[in-house]
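This is what each chain is made of:
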Amino acid sequence: MMRVGLRRNAKDLGAMLILAGLALLFFSPWLWQGLSLNQGDFPILGGPLFHWLHARYAQGGEALWIQGIAGGEPIADAQITFAYYPLSRLLLTLFSGATAYVLHLALHTGLLALGCYALARSYGSSRQGAFLGALCAGFGGAFTYSDNWFTVLVTLAWLPWALVGLRQAQQA
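Note that the structure is predicted; figures quoted are calculated from it, not measured. (Residues numbered from 1 in each chain as written. Predicted model: local features only at pLDDT ≥ 70, side-chain atom pairs only at ≥ 80, totals over all residues. Heavy atoms only, no water.)

**Examining the overall build of the chain**
Assigned secondary structure in the chain consists of eight helices and two strands. When the helices and strands of the chain are read in sequence order from the N terminus, they spell out α-α-α-β-β-α-α-α-α-α. Out of the 172 residues belonging to the chain, those deemed buried represent 41%. By sequence separation, contacts in the chain at least 24 residues apart represent 65% of the contacts at least 6 residues apart. Taken as a whole, the chain presents about 9300 Å² of accessible surface, with 66% of it coming from carbon and sulfur. (Helix = DSSP H or I, 4+ residues; strand = E, 2+ residues; numbered from the N terminus. Buried < 20%, exposed > 50% of the residue type's maximum accessible area, 1.4 Å probe, protein only. Contact = heavy atoms within 4.5 Å. Areas by Shrake-Rupley, 256 points an atom, 1.4 Å probe, with all protein chains shown as cover.)

**Considering the packing of aromatic side chains**
Counted under the stated rule, the structure contains three aromatic pairs. Members of the aromatic cluster, connected to one another through ring pairs, are Phe26, Phe27 and Phe139. Taking NZ or CZ as reference, Arg167 lies 3.9 Å from the ring centre of Tyr123, over its face. (Phe/Tyr/Trp six-rings, centres within 6.5 Å; stacked < 30°, edge-to-face > 60°. Lys NZ or Arg CZ within 6 Å of the ring centre and 35° of its normal.)

**Description of the packing of helix α4 (residues 86–94) against helix α5 (residues 97–122)**
With their axes 8 Å apart at the nearest point, α4 and α5 run at an angle of 140° to one another. Here α4 runs over α5; the crossing is right-handed. Across from Leu87, Ser88, Leu91 and Leu92 in α4, the residues of α5 making contact are Gly97, Ala100, Leu103, His104, Leu107 and His108. In terms of residue class, the contact of α4 with α5 is built from six nonpolar, four polar and no charged. (Axes fitted to C-alpha atoms, helices over the stretch in contact; angles between N-to-C directions. Left-handed = near helix turned anticlockwise from the far one by under 90°. Nonpolar A, V, L, I, M, F, W, Y, C, P; charged D, E, K, R; others polar.)

**Points about the packing of helix α1 (residues 10–26) against α5**
In a pair of packed helices, the angle between the axes and the distance between the axes together describe the arrangement. With their axes 8 Å apart at the nearest point, α1 and α5 run at an angle of 155° to one another. In terms of orientation, α1 and α5 fall into the roughly antiparallel class. The interaxial crossing formed by α1 with α5 has right-handed handedness. For the pair α1 and α5, contact is made by Lys11, Asp12, Ala15, Met16, Leu19, Ala20, Ala23 and Leu24 and by Ala106, Thr109, Gly110, Ala113, Leu114, Tyr117 and Arg121, respectively. When grouped by side-chain class, the residues that make up the contact of α1 with α5 number ten nonpolar, two polar and three charged. (Parallel < 35°, antiparallel > 145°, perpendicular 65-115°, else oblique.)

**Some points on the nonpolar core**
Membership of the largest hydrophobic core comes to 39 residues, with the highest contact counts inside it found for Leu19, Leu53, Phe82, Leu92, Tyr117 and Phe150. Of all elements in the fold, only α1, α3 (42–58), α4, α5, α6 (127–139) and α8 (150–171) reach the threshold of two or more residues within this core. When residues in this core are grouped by element, the largest group, 15 residues, is from α5. Apart from residues lying up to four places away in sequence, Phe82 is in contact with Leu49, Phe50, Leu53, Ser88, Leu92 and Phe150. (Core = buried A, V, L, I, M, F, W, Y, C linked by side-chain atoms within 4.5 Å.)

**Focus: the side chain of His54**
Position of His54 among the secondary structure elements: in helix α3. A polar atom in the side chain of His54 sits 2.7 Å from the backbone oxygen of Phe95. Each residue touching His54, except ones within four places of it in the same chain, is listed here: Leu92, Thr93, Phe95, Ser96 and Gly97. (Polar contact = N/O pair within 3.5 Å; in protein donor to acceptor, adjacent residues only side chain to side chain.)

**Examining the pattern of salt bridges**
All told, the structure shown has three salt bridges when counted by the stated rule. Here Arg89 ties to Glu62 by a salt bridge, and the two come within 3.2 Å at their closest N and O atoms. Residue Arg89 is located in helix α4, and its partner Glu62 is located in the loop between α3 and β1 (65–66); the two are separated by 27 residues in the primary sequence. For Arg89, a relative accessible area of 25% puts it in the partly exposed group. Assessed through its relative accessible area of 40%, Glu62 is described here as partly exposed. Here the residues in one salt-bridge network are Asp12, Arg121 and Arg127, joined through shared partners. (Salt bridge = Lys/Arg side-chain N within 4 Å of Asp/Glu carboxyl O.)

Below, the structure written as structure tokens:
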């Protein structure tokens, strides 16, 4: 059984590093080759929103209302709440809108894959089985298609970690 923390053995750590590297490799065409994301409504809504949020956060401003999208709407409404998620805020402050978007996807893909690996190992799965499960969860269609739904994406990415924490709390 794998314990999350400093007691990971080298093989588990190696598998987790490979999963994290695969998440970056999966999104490398957008990160390092300058390809644009043209899927779904990103060019119409997501791109301008991320650009606007980056401009606001980089200047130290707050994002409460955006006038230029859909006739104006509050940021705290529906799918735009990701703007208050600390990691989104950090990425949008430090990077351009498009880069922050892709980094957000890459980091949460890696987070989900690593969490699924840790969860499977905590239930006694073999390294190979846990690795395969992590690949299917992190790089499967359900998660990779969630790229326009940040609330769903973030929830799915953190869910296995919450379950690992719950399992460890029950075992303590």
